[in-house]
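An overview of the molecular structure
In case you want the letters, here they are:
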Amino acid sequence: MKNNELLFSRKSAPERSARMVETIYGCKWSLTVYQLLANGINRPGEMVRNVEGLSTKVLNECLRKNLEFGILRRIEYPEVPPRVEYQVTEFGDKFLRILEQLEELQQELAQ
């Protein structure tokens, strides 16, 4: 091997996924929203009614971030009055498994 040949190139953190984790953990309501969805509460009005301190404005911002990252999908039904529901996407399922692993790691570090 010659002196000027490199075995490895510099490794850097993945920008988009790191920003996604930071944004989701930075939103104190995202984990609560995932918990609501896991329990079958998928309509925004229901979410606000079931969580003390959660406002419609904050919920909408949280949902918007999750939609942008592709973690959640919005389903609009052509009804009167309008009905909107949210579901976790296939990608969102993978992402939530990673968040669960981070929580497990945090618990190990706390012991």
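These remarks concern the structure in this document. All values reported here derive from a predicted model rather than from experimental measurement.

1. Quick word on the overall build of the protein chain
A count of helices and strands for the protein chain gives five helices and two strands. Counting from the amino terminus, the protein chain carries its helices and strands in the arrangement α-α-α-α-β-β-α. Since a compact globule built from 111 residues should have a radius of gyration of about 13 Å, the 19 Å found for the protein chain marks it as more spread out than a globular shape. Expressed along its principal axes, the backbone C-alpha trace of the protein chain runs to roughly 70 × 40 × 20 Å. The buried share of the protein chain, taken over its 111 residues, is 27%.

2. So, the pattern of salt bridges
Pairs can form between side chains of opposite charge once their charged atoms are near each other. With the rule as written, the count across this model stands at five salt bridges. Measuring nitrogen to oxygen at the nearest pair gives 2.4 Å for the salt bridge that ties E61 to R64. Here E61 pairs with R64, and both are found in helix α4 (residues 56–69), just three residues apart, close to one helical turn. For E61, a relative accessible area of 34% translates into the label partly exposed. Taking relative accessible area as the criterion, R64 reaches 36% and is therefore assigned partly exposed. Across the pair R74 and E76 runs a salt bridge, and its minimum N-O distance is 3.0 Å. Overall, the relative accessible area of 42% leaves R74 in the partly exposed class. Residue class for E76 comes out exposed when judged on its relative accessible area of 55%.

The rules behind the values
- Residues numbered from 1 in each chain as written.
- Predicted model: local features only at pLDDT ≥ 70, side-chain atom pairs only at ≥ 80, totals over all residues.
- Heavy atoms only, no water.
- Helix = DSSP H or I, 4+ residues; strand = E, 2+ residues; numbered from the N terminus.
- Rg over C-alpha atoms; globule rule 2.2 N^0.38 Å.
- Buried < 20%, exposed > 50% of the residue type's maximum accessible area, 1.4 Å probe, protein only.
- Salt bridge = Lys/Arg side-chain N within 4 Å of Asp/Glu carboxyl O.

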